[in-house]
Structures are given as C-alpha cells and as structure tokens.
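# Understanding the architecture of this molecule
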Amino acid sequence: MKPNDVKIRSAEMADAAAIAEIYNEAIRTTTATFDTEPKTVEERTRWLQLHDERHPVLVAIVDERVVGWASLMIWSDRPAYSDTAETSFYVHSTHRGRGIGRLLKEATIEEARRLGYHTLIARVAEGSEESLHLNESAGFVLVGTLKEVGRKFGRLLDVHILQKMLK
C-alpha cells in the first residue's frame with residue numbers, strides 16, 4: 001500500500017462505530033490493550049467527546065473506510081505532567097502490515113510537536129512485538145519494563161514503557 005492510498009485526518013463523531021470495531025477486535029485478539037470487555041459505539045462516542053484539541057484522535061482512511069486510529073491521551077491528570085502525552089494506535093487486522101500504523105504514529109508525533117508537547121510515552125504489552133518495533137523505529141526508546149502488571153488470555157504480562165523526547 002502506498003502512502004498516497006491512505007488519508008490521515010482528525011476523527012469525527014461519525015467515526016465512533018469504526019473506532020469501536022477496530023478497538024474491540026484488538027480487545028478480543030491481542031495484548032495491545034488491557035481492556036478485556038468490548039466497548040459499545042456509545043462508549044466510544046463518549047470517549048471521543050473527552051478528547052479535546054490538546055488530545056486529538058486521528059483516523060486512517062482507505063477507500064473511504066476507517067481502517068485505523070491513533071490518539072494522544074493525558075499521561076497523568078496532575079498538572080506538572082501537562083507537557084507529556086501517551087500515544088496509542090490500532091489498525092484493523094485486514095490492513096496490518098501495510099504501513100498504516102507507521103503513518104498513524106508519524107502523524108501523532110507531528111501533532112504532538114505542533115501542540116508543544118515535550119515528551120511522548122508509549123506502553124507496549126508483552127506479545128505486541130510489531131508495536132514495539134514500530135515505536136522504536138519512530139524514535140521511541142525503551143526506558144523500562146513493568147513486570148507482570150496485567151493479566152490477559154490467562155497469562156500475566158509485562159508492559160514495556162517507551163519514551164520519545166520531542167524537544
């Protein structure tokens with residue numbers, strides 16, 4: 001897939017169903033999220049409404065269909081962390097391995113720079129080697145591993161913390 005075949009834009013409320021579908025697939029089949037219960041379209045709509053200008057959600061469009069999404073989220077609600085954001089991205093299984101995750105990650109980093117963030121954080125669970133590789137290739141550096149902090153699919157899993165300094 002060529003980058004020109006993918007359009008990245010800000011998410012709209014009308015994207016909530018596609019975002020829920022992509023996220024629910026990840027909940028059911030991957031360790032990319034530690035959510036364990038599927039989310040309704042209404043829950044994803046409320047989640048989208050909580051994202052303000054400083055915490056955007058982006059979507060990847062292929063053939064007029066949302067096939068992936070990414071977001072900047074509050075790292076902590078404590079004011080001293082306001083220059084730090086957590087990044088996430090998800091791509092539907094039918095479109096993985098085509099560079100869409102990379103485009104979403106790059107667009108998220110560009111947005112973070114535009115918004116004046118100082119540093120970005122990514123949490124990558126054990127078993128998400130593709131995500132770990134993509135984050136590292138985008139300049140995120142492994143700064144630590146939290147041992148056995150989440151249980152999914154009957155296993156205790158580690159979570160790797162990666163960081164990218166923007167300034």
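For the structure itself, consult the block above.
In this report, the structure presented in the accompanying data block is examined.

Calculation criteria
Residues numbered from 1 in each chain as written. Predicted model: local features only at pLDDT ≥ 70, side-chain atom pairs only at ≥ 80, totals over all residues. Heavy atoms only, no water. Helix = DSSP H or I, 4+ residues; strand = E, 2+ residues; numbered from the N terminus. Rg over C-alpha atoms; globule rule 2.2 N^0.38 Å. Contact = heavy atoms within 4.5 Å. Areas by Shrake-Rupley, 256 points an atom, 1.4 Å probe, with all protein chains shown as cover. Lys, Arg positive; Asp, Glu negative; His and termini not counted. Charge placed at Lys NZ, Arg CZ, Asp CG, Glu CD. Salt bridge = Lys/Arg side-chain N within 4 Å of Asp/Glu carboxyl O. Buried < 20%, exposed > 50% of the residue type's maximum accessible area, 1.4 Å probe, protein only. Pairing = 2+ DSSP bridges. Axes fitted to C-alpha atoms, helices over the stretch in contact; angles between N-to-C directions. Phe/Tyr/Trp six-rings, centres within 6.5 Å; stacked < 30°, edge-to-face > 60°. Lys NZ or Arg CZ within 6 Å of the ring centre and 35° of its normal. Core = buried A, V, L, I, M, F, W, Y, C linked by side-chain atoms within 4.5 Å. Expected span 1.5 Å × (residues − 1).

All right, on to the overall build of the protein then. From N to C terminus, the protein includes 4 helices and 7 strands. Helices (α) and strands (β) of the protein occur, in sequence order from the N terminus, as β-α-α-β-β-β-α-β-α-β-β. At 15 Å, the protein has a C-alpha radius of gyration in line with the 15 Å of a compact globule built from 167 residues. Across its three principal axes, the protein shows a C-alpha extent of roughly 40 × 40 × 30 Å. Within the protein, counting contacts between residues at least 6 apart in sequence, those at least 24 apart form 66% of the total. Accessible area of the protein: about 9200 Å², with a carbon and sulfur share of 49%. Treating the 23 positive side-chain charges of the protein as one cloud and the 25 negative ones as another, the clouds have centres 2 Å apart.

Counted under the stated rule, the structure contains 9 salt bridges. The salt bridge partner of Arg9 is Glu12, with a shortest N-O separation of 3.8 Å. Using a relative accessible area of 44% as the deciding quantity, one classes Glu12 as partly exposed. Across the salt bridge formed by Asp158 and Lys147, the nearest N and O atoms sit 3.3 Å from each other. With Asp158 in strand β7 (residues 155-165) and Lys147 in strand β6 (residues 141-152), the pair connects residues that are 11 residues apart, well separated along the chain. Accessibility expressed as a relative area gives 14% for Asp158, which makes it buried. Take Lys147: its relative accessible area is 58%, and that puts it in the exposed class. Among the charged side chains, a network of salt bridges with common partners joins Arg9, Glu12 and Asp15.

Attention now goes to the sheet that holds β6. The strand order across the open sheet built from 7 strands is β1-β2-β3-β4-β5-β7-β6, with neighbouring strands paired in mixed fashion. The outermost strands of the open sheet, each flanked by one partner alone, are β1 (7-10) and β6. Averaged over all neighbouring strand pairs, the angle between strand axes comes to 25°, with direction disregarded. Sheet topology places strand β2 (residues 57-62) next to strand β3 (residues 65-74); 6 bridges connect them, and they run antiparallel. Paired with Ile61 across the strands is Val66, a residue of β3. With respect to the sheet, helix α1 (residues 16-29) is in contact with β2, β3, β4 (84-91) and β6, its orientation differing from that of β3 by roughly 80°.

The subject of this paragraph is the packing of aromatic side chains. Enumeration over the complete set of coordinates arrives at 4 aromatic pairs. For the pair Trp47 and Trp69, a centre-to-centre distance of 5.0 Å together with 70° between the ring planes defines the contact as edge-to-face. Of this pair, Trp47 sits in helix α2 (residues 41-50) while Trp69 sits in strand β3, and the two are 22 residues apart along the sequence. The class for Trp69 is buried, based on a relative accessible area of 2%. Linked through ring pairs, Tyr23, Trp47, Trp69 and Tyr90 together constitute an aromatic cluster. Positioned above the aromatic ring of Tyr117, the side-chain terminus of Arg54 is 4.0 Å from the ring centre.

Judged by nonpolar contacts, the single largest core of 15 residues is most densely connected at Ile19 and Trp69. Contributions of two or more residues to this core are made by α1, α2, β2 and β3. Among the nonpolar cores identified, the runner-up in size contains 13 residues, and Ala85, Leu115, Leu120 and Phe140 belong to it.

Moving on, we come to α1. The terminal C-alpha atoms of α1, which comprises 14 residues, lie 20 Å apart, in line with the 20 Å expected from a rise of 1.5 Å per residue. The buried fraction of α1 amounts to 10 of the 14 residues, a majority that puts the element mostly inside the structure. For α1, the complete set of buried residues consists of Ala16, Ala18, Ile19, Ala20, Ile22, Tyr23, Asn24, Glu25, Ala26 and Ile27.

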